[in-house]
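# Summary of the model geometry
Below are the chains, spelled out letter by letter.
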Amino acid sequence: MDQGASIIFISLFSGFNIAFAILSFFIWASDKSQKLYLYFGIFSLFSGLYFLLIGLSVVFELEMHYAIIFCAAIYYGIFPWLIFELIENKQRTTSSILSFIFAFAFFVLLIYPDESDYALWQIIAHIGLLGLCLTTAYTSIIFKKKKLKGANSFVVLTIVFIFLALEEILSSAAGSRFLRNYFTSMAPLDIYPILFTSILGARLSVDFYSKNKVKIKLMQSELNEKQLKLTELEKLRLQQELQFKNKDLTSFGVEITKNRAFLKSIYTKLLTIEKSEKFDDENLREILKNIKSQLLAHHDYNHFNEHVEKVNHAFRAKLKKSYPSLTHNELHLASLLLLQLNTKEIAAIKNISPNSVKVLRYRLRQKLNLETSINLSEFLNSWVN
């Protein structure tokens, strides 16, 4: 691979890795129990920075040796934590030892920058690589035994990693180039993080999308269910409120009926007394006049009608829309029937005779096109629901 193509490839991969890292950190931040995404984010971030620094050092001829080795130490140090999290096996001791080996190798590089072909820090790092070879081989066996998703891909990646790690160790120890003859800008072992990040990143992205797709569907289903319950509760509340108001109106109407009946009975008795001519008192006539005026007063009646129209506004509008020929008087009768008032009570409220109420009921039935078998009050109540 020539240098120009290598630089382009390295740049693309570094950007690809850093994007994976940002996504992984975002997922982990939303759910701290998802440690797999945390470890993969760290691995992707530092492997991306590793390749970015290699590209910058080649293009601008910068000395970034220590920064490049530091990034490699980080992503190889986090690697055992990542693969053990994949198989849901908490091997903290093994992971800690391997992480320490790579950190120690970088520390030795800082305090003892040996420039020989096979420096001390490289020997320590290669010991860590051998440990990673054993670790990946072990996790591959667990992958196959548990029949985990992506087991075959992980086995292939393990074989590639062991081959490239041994090539790195042997070429450094023997001073031979082997595969290095075909790579000018990076080591052959650097192929592995490229493959690993691409395959695992694609798998984690698909898993995250699938889980969230199901979660979104569940949330939508729950939202629809709650909305339905809320609608039913609101409907029930409105029905109860309407029933309560209708009950109040019914009580009000009955009270008006009783008052009118009481006053009418007194008026009748006093009228009888007046006609008997036993009393010739101007005060008696004044009382009769006042009672009669009270019978003809419309204050309570108008107040009652206002409440009837307000409470049953929707009912009246709905009925009027379906039966445009209904008059105001007929709509008022329908509202009173909705309150379950009987003929005598309606007659008292409207200050008409019971026979007049019967005539009104008959005309209303005709305009509603009701058969004789259909109960008028039940029919009107069905319009409320």
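Here goes a summary of the coordinates provided. This structure is a prediction, so every number in the text was calculated from the model and none was measured. (Residues numbered from 1 in each chain as written. Predicted model: local features only at pLDDT ≥ 70, side-chain atom pairs only at ≥ 80, totals over all residues. Heavy atoms only, no water.)

### Some words on the overall build of the protein chain
Counting its secondary structure elements, the protein chain contains 14 helices and zero strands. Within the protein chain, buried positions represent 40% of all 385 residues. The contacts in the protein chain between residues at least 6 apart in sequence include a share of 66% that link residues at least 24 apart. Split by element, the accessible area of the protein chain, about 22,900 Å² in all, is 62% carbon and sulfur. (Helix = DSSP H or I, 4+ residues; strand = E, 2+ residues; numbered from the N terminus. Buried < 20%, exposed > 50% of the residue type's maximum accessible area, 1.4 Å probe, protein only. Contact = heavy atoms within 4.5 Å. Areas by Shrake-Rupley, 256 points an atom, 1.4 Å probe, with all protein chains shown as cover.)

### Brief notes about the packing of aromatic side chains
Applying the stated rule across the entire model yields 19 aromatic pairs. Each ring, one from Phe 43 and one from Phe 196, has its centre 5.3 Å from the other, and the planes form 70°; the classification is edge-to-face. Of this pair, Phe 43 sits in helix α2 (residues 35-59) while Phe 196 sits in helix α7 (residues 191-276), and the two are 153 residues apart along the sequence. Every member of this aromatic cluster is reached through a ring pair, and the members are Phe 43, Tyr 50, Phe 51, Tyr 75, Tyr 76, Phe 79, Phe 102, Phe 161, Tyr 192 and Phe 196. If you follow Lys 32 out to its NZ or CZ, it ends over the ring of Trp 28, 5.1 Å from the centre. (Phe/Tyr/Trp six-rings, centres within 6.5 Å; stacked < 30°, edge-to-face > 60°. Lys NZ or Arg CZ within 6 Å of the ring centre and 35° of its normal.)

### Some thoughts on unusual backbone geometry
Backbone geometry places Asn 369, a non-glycine residue, at a positive phi of 55°. As for its position among the elements, Asn 369 is in the loop between α13 (354-367) and α14 (376-384).

### Some points on helix α11 (residues 328-338)
Counting buried positions along α11 gives nine out of eleven residues, so the element sits mostly inside the fold. Taken together, the buried positions of α11 are Glu 330, Leu 331, His 332, Leu 333, Ala 334, Ser 335, Leu 336, Leu 337 and Leu 338.

### Focus: a nonpolar patch on the surface
There is a patch of nonpolar side chains on the surface, built from Tyr 66, Phe 100, Phe 104, Phe 107, Leu 110, Ile 111, Tyr 112, Leu 120, Ile 123 and Ile 127 and spanning about 980 Å² of accessible area. Among the structural elements, Ile 127 can be located in helix α5 (residues 120-146). (Patch = residues over 30% accessible without salt bridge, like charges linked within 9 Å, V, L, I, M, F, W, Y side chains within 5 Å. Salt bridge = Lys/Arg side-chain N within 4 Å of Asp/Glu carboxyl O.)

### Thoughts on the packing of helix α4 (residues 92-111) against α5
The contact between α4 and α5 brings their axes to 8 Å, and the two run at 160°. Put simply, α4 runs roughly antiparallel to α5. In the packing of α4 onto α5, the handedness of the crossing is left-handed. Where α4 abuts α5, its residues Thr 94, Leu 98, Ile 101, Phe 102, Phe 104, Ala 105, Val 108 and Leu 109 lie against Leu 120, Trp 121, Ile 124, Ala 125, Ile 127, Gly 128, Leu 129, Gly 131, Leu 132 and Thr 135. Split by residue class, the contact of α4 with α5 holds 14 nonpolar, four polar and no charged. (Axes fitted to C-alpha atoms, helices over the stretch in contact; angles between N-to-C directions. Parallel < 35°, antiparallel > 145°, perpendicular 65-115°, else oblique. Left-handed = near helix turned anticlockwise from the far one by under 90°. Nonpolar A, V, L, I, M, F, W, Y, C, P; charged D, E, K, R; others polar.)

### Here we look at the packing of α2 against helix α3 (residues 65-86)
When two helices pack together, their arrangement is captured by the angle between the axes and the distance separating the axes. The geometry of α2 relative to α3 is characterised by a closest axis approach of 8 Å and an angle of 155° between their N-to-C directions. With respect to α3, the element α2 is oriented roughly antiparallel. Between α2 and α3 lies a crossing of left-handed hand. Looking at the contact of α2 with α3, its residues break down into 22 nonpolar, two polar and two charged.

### Describing the nonpolar core
Inside soluble globular proteins, nonpolar side chains tend to come together where they are buried. Membership of the largest hydrophobic core comes to 59 residues, with the highest contact counts inside it found for Tyr 50, Tyr 76, Leu 82, Leu 132, Phe 161 and Phe 196. Within the residue set of this core, elements represented by two or more residues are α1 (3-30), α2, α3, α4, α5, α6 (151-174) and α7. Broken down by element, the residue count for this core peaks at 13 residues, all from α3. Dropping the residues within four chain positions of it, Tyr 76 is found in contact with Phe 102, Leu 129, Leu 132, Phe 161 and Leu 189. Formed by 24 residues, the second largest nonpolar core is a distinct cluster that contains Phe 315, Leu 333, Leu 380 and Trp 383. (Core = buried A, V, L, I, M, F, W, Y, C linked by side-chain atoms within 4.5 Å.)

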